[in-house]
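As a plain string of letters, each chain reads:
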Amino acid sequence: MTKIDLKKSSGLSLVYDGEQLTSPDLSFNESLTFTVDEMRPQLLNKDLTSPDVFYLKYRTLDQDGIYEKKNLRLNVYVIPANLAGIEYVKTKASRIAKYPRILEVVHGSATLMMQDYKESEEGDIVITSVKKHQKAVIPGNYVMSLINPRSTPLIVTEVLNLSARESMILDEMGGMSYYVIRKNAKQEVVRNPAYKFARKPRRVNVEKIADELNITLKTPLIKQI
């Protein structure tokens, strides 16, 4: 695979070589690999044995402590192009209770799913597309999952408060309220049968929301922050 230089799109000196991210001047706290076994409770087909790796997450990237001093955490998701049976590869459902987070697609195109976390099954549900250079704001207490419906790697940066604590949740519900699948060469959304009262998902205009928050499309997110 040709190396992907993410400098222009992300504002960061990052290169993806098809297997991992590298950087000449950025360090990261840890890299996490999410395998099929870790994803299994949230898959449409829980008997799958492949793909072995669903996605990578690089946590707390920094350059000489610059972001830490500004009370920011920078993470990067790398989601290869793949299918898990008929379901597109995705990230595990995660929630941050007290803080929002901002995502930016720096390579590929994402389907973003988020739902308001409530004990009942009747919270708000959003399923929308986020293209390269677009930014998406995830409100506090919303559960989020990123899906890669394309034939190219999906790479997303995430900026949040350094004090934010992320929880991986919804294993007992089989993941999010809907699954995004490939059917007849098209993307379709099907309801998770564990949610008996799930609302119909709505779309949002991520560019309009970002503009209302004075986040511009043209400049990489980390430079604006």
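To be clear, the structure that these remarks concern was listed above.
These lines cover the structure that appears in this document, whether it is placed above or below. Everything numeric here is computed off the predicted structure, so don't read it as measured data. (Residues numbered from 1 in each chain as written. Predicted model: local features only at pLDDT ≥ 70, side-chain atom pairs only at ≥ 80, totals over all residues. Heavy atoms only, no water.)

Here's the deal with the overall build of the chain
Along its length, the chain carries five helices and 18 strands. On C-alpha atoms alone, the chain measures out to a radius of gyration of 17 Å, which is about the 17 Å that the 2.2 N^0.38 rule sets for 225 residues. Reported as C-alpha extents along the three principal axes, the dimensions of the chain are approximately 50 × 40 × 30 Å. Residues classed as buried in the chain amount to 50% of the 225 residues present. Taking contacts inside the chain between residues at least 6 apart in sequence as the whole, the part at least 24 apart equals 71%. (Helix = DSSP H or I, 4+ residues; strand = E, 2+ residues; numbered from the N terminus. Rg over C-alpha atoms; globule rule 2.2 N^0.38 Å. Buried < 20%, exposed > 50% of the residue type's maximum accessible area, 1.4 Å probe, protein only. Contact = heavy atoms within 4.5 Å.)

Some thoughts on unusual backbone geometry
Going from Ser-50 to Pro-51, the amide bond is cis rather than trans, its omega being 0°. Structurally, Pro-51 is set in the loop between helix H2 (36-39) and strand E5 (53-62). Here Asp-64, not a glycine, exhibits a phi torsion of approximately 55°, which is positive. Of note, Asp-64 is situated in the loop between E5 and helix H3 (66-69). We classify Asp-64 as exposed; its relative accessible area is 69%. A positive phi angle is found at Leu-170, which is not glycine, with a value near 75°. For Leu-170, the location among the structural elements is in the loop between strand E16 (166-168) and strand E17 (178-183). Under the relative-accessibility criterion, Leu-170 is labelled buried at 6%.

Focus: the pairing of strand E18 (residues 186-191)
Inspection of the sheet shows E17 paired to E18 by six bridges, in the antiparallel sense. Within E18, the residue paired with Tyr-179 across the bridge is Val-190. Turn length for the E17-E18 hairpin, with the two strands adjacent in sequence and antiparallel, is two residues, and the turn residue Asn-184 shows positive phi of about 55°. (Pairing = 2+ DSSP bridges.)

Considerations on the sheet that holds strand E6 (residues 72-79)
Strand order across the open sheet formed by six strands is E4-E5-E6-E15-E10-E13, with antiparallel pairing between neighbours. Strand pairing shows two members of the sheet lacking a second neighbour, strand E4 (27-35) and strand E13 (135-138), which therefore form its edges. Strand-to-strand twist of the sheet, defined as the mean angle between neighbouring strand axes without regard to direction, takes the value 20°. Direction of pairing for strand E10 (residues 101-107) relative to E13: antiparallel, over a ladder of four bridges. When the bridges of E13 are listed, Leu-103 appears paired with Ala-136. (Axes fitted to C-alpha atoms, helices over the stretch in contact; angles between N-to-C directions.)

Taken by themselves, the reported measurements are silent on function.
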